[in-house]
Every structure is written in structure tokens, then in C-alpha cells.
Amino acid sequence: MGGKLLKLGVLISGRGSNLQSIIDHIEAGKIPAKIEVVISDKKDAYGLERAKKHRIEALFIDPKAYPSREEFEKAVGDELEKRGVELICLAGFMRILSPYFVNRFKNRIINIHPALLPSFPGLHGQKQAVDHAVKIAGCTVHFVDEGVDSGPIIIQAAVPVFDDDDEDTLATRILKCEHKIYPMAIKLIAEGRVSIKGRKVTIKGTKKKEWEVFNPPLEL
Ligand code: GRF
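Residues numbered from 1 in each chain as written. Predicted model: local features only at pLDDT ≥ 70, side-chain atom pairs only at ≥ 80, totals over all residues. Heavy atoms only, no water.

## Quick look at the side chain of R50
With respect to the element layout, R50 can be found in helix α2 (residues 46–53). Here R50 is buried and forms no salt bridge, its nearest opposite-charge partner D24 lying at an N-O distance of 7.1 Å. What R50 contacts, discounting residues up to four positions off in sequence, is R15, G16, S17, L19, Q20 and I23. (Helix = DSSP H or I, 4+ residues; strand = E, 2+ residues; numbered from the N terminus. Buried < 20%, exposed > 50% of the residue type's maximum accessible area, 1.4 Å probe, protein only. Lys, Arg positive; Asp, Glu negative; His and termini not counted. Salt bridge = Lys/Arg side-chain N within 4 Å of Asp/Glu carboxyl O. Contact = heavy atoms within 4.5 Å.)

## Side note on the layout of surface pockets
Of the pockets and cavities examined, the largest pocket occupies roughly 920 Å³. Taken together, 36 residues form the lining of the largest pocket, with G92, F93, M94, I112 and P114 sitting closest to its centre. Among the elements of the structure, α1 (17–27), β5 (109–113), α5 (125–132) and α6 (167–190) are those that each provide at least two residues to the lining of the largest pocket. Split by residue class, the lining of the largest pocket holds 14 nonpolar, 15 polar and seven charged. Looking at which domains feed residues into the lining of the largest pocket, each of domain 1 (1–105) and domain 2 (111–220) gives three or more. (1 Å grid on protein atoms, 1.4 Å probe; cavity = no way out; pocket = protein on both sides within 12 Å on 5 of 7 lines; lining within 4 Å. Points joined across faces, edges and corners; volume = space filled by probe spheres on them. Nonpolar A, V, L, I, M, F, W, Y, C, P; charged D, E, K, R; others polar. Domains from an automatic or database assignment.)

## Describing the site of the ligand
In the neighbourhood of the ligand, the contacting residues comprise R15, G16, S17, N18, G92, I112, H113, P114 and E178. The separation between an oxygen atom of the ligand and a polar side-chain atom of R15 is 2.4 Å. Contact with the protein chains removes 86% of the 360 Å² of surface that the ligand exposes when unbound. Mapping the ligand onto the cavity grids shows that it belongs to the largest pocket. Taken together, the residues that form the shell around the ligand break down as two nonpolar, five polar and two charged. Lining the shell around the ligand are residues from two domains, each supplying at least three of them: domain 1 (1–105) and domain 2 (111–220). (Near = heavy atom within 4 Å. Polar contact = N/O pair within 3.5 Å; in protein donor to acceptor, adjacent residues only side chain to side chain. Areas by Shrake-Rupley, 256 points an atom, 1.4 Å probe, with all protein chains shown as cover. Sits in = over half its atoms within 2 Å of the grid points.)

## Focus: the nonpolar core
The biggest cluster of nonpolar side chains holds 46 residues, and the ones touching the most others in it are L8, I35, V38, I110, I154 and Y182. Per-element accounting of this core gives the leading share, 10 residues, to α6. Mapping this core onto the domain boundaries places at least three of its residues in each of domain 1 (1–105) and domain 2 (111–220). In this structure, I110 is in contact with L87, I88, C89, L90, V141, H142, F143, V144, I154, Y182, I186 and I189, ignoring residues within four places of it in sequence. One finds L59, I88, L90 and F101 within the second-largest nonpolar core, a separate group that totals 19 residues. (Core = buried A, V, L, I, M, F, W, Y, C linked by side-chain atoms within 4.5 Å.)

Structure (C-alpha cells):
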């Protein structure tokens, strides 16, 4: 590769399977990026172990150690800035970020959500899809703005919902797509192909083939 690597900070709260997928794609040389630090707000997040296994710095920052949400976010932001992080990837980070943090890193925070936004924002997107009995579900990578899962959409992938699906079977199907589109979105940003105007994200040179990777024709 040899070119400049985009410096990433990944924020997690739990098992970190999306983090793992990002790590694997970087190690396979598919994304011109480097994870500078992984930060968790939960001490026992398994994602911290995953980071350490790959010799990536892993920090637990305890929200309870700070008098307010903003003080906690300031500490997180300072650690990210100290390491020159250019893109912050939320990967199962179970906190809503305040306008303070969002504006400090404007258009430099992305998130993966397990639903086809703007449907089913917030918690349990997969359960919301099953309860609503939609026929197509999926996942979304988007920039983070001040709302909940409301920022400009970068990539989405769709999966079918079958009659006998429950929250778990659907979540498993969606997760497989998450593990593809999150690294893909980071790759596109790292390659400098992503621009935002208002709420519209444009990806330079998107090929039909790339779309089909995530949205294969349904087999009947
Ligand atoms: C994923 O379903 C993601 O879409 C949501 O939280 C979950 C995190 O899973 N934001 P993991 O920690 O990456 O395995």
C-alpha cells in the first residue's frame, strides 16, 4: 500500500463483532486505515479483548468517574485527539452523544445501525422490524448528527425477512451484512470518495458491482 492511512478511533460497549470485522479487513490490506485506539464505556466489553489480541490500544473510560455526560465525552474526545484520530467509528457504542461531542468532531463520526433507516431508529432495530412485520430489513452506516440515528446515510444493505424469523434469526442475517458494509464505508471514506452536502452523501465512482455485493438478487 504505502499511502497515508486514515487514523481511526473505535468506540464500543460490548462484544465488538463489528470492530473485529474492521480489524480483519484492515489486516487483510483492504482498507487504507489504522485503528489508533479502541475505547469502551464498559469495563468488561469483549471488544477490548479483541483489540488487545491485535495489539491495538484498548481503553476503558468509566462514565461514572465524571460529573456529567459532557465531562465524560470531553475525556473521550481528548484521548481520540491525542492520538490524531481522524474518523470515529461507533460500533455498538450504547450511548447517545451530546451536541458538544458531535460538533467537536463534525462529520467525522459514523455509526452502524441494524435497520434500514429512517425506519426503526433507536434500540432493538431488529425487533422493531419483526414486530412491524416488514418484508425487507437491513442495516445502515451513517454519519452521526445531533439526533438519534438520523444523520446522513452512507451505505445500506437489505436482507429479506422470512415468515418464521424472530428477533434473533433476523439479527444474525443483518449482522452478516453489517460486517460487510461497515468496513466498506470506512474504505470509501479512507479513499477520499465520500462527500456530504446537506443530508446527501455522494460516493465518487460507485460501481453497480459494489451495490450488488450487498444486495444480491433474491432467489425464489
Ligand atoms: C450491532 O448490531 C450494531 O448494528 C449495533 O449494535 C450492535 C453491535 O454489535 N449498533 P457488535 O458489538 O459490533 O458485535
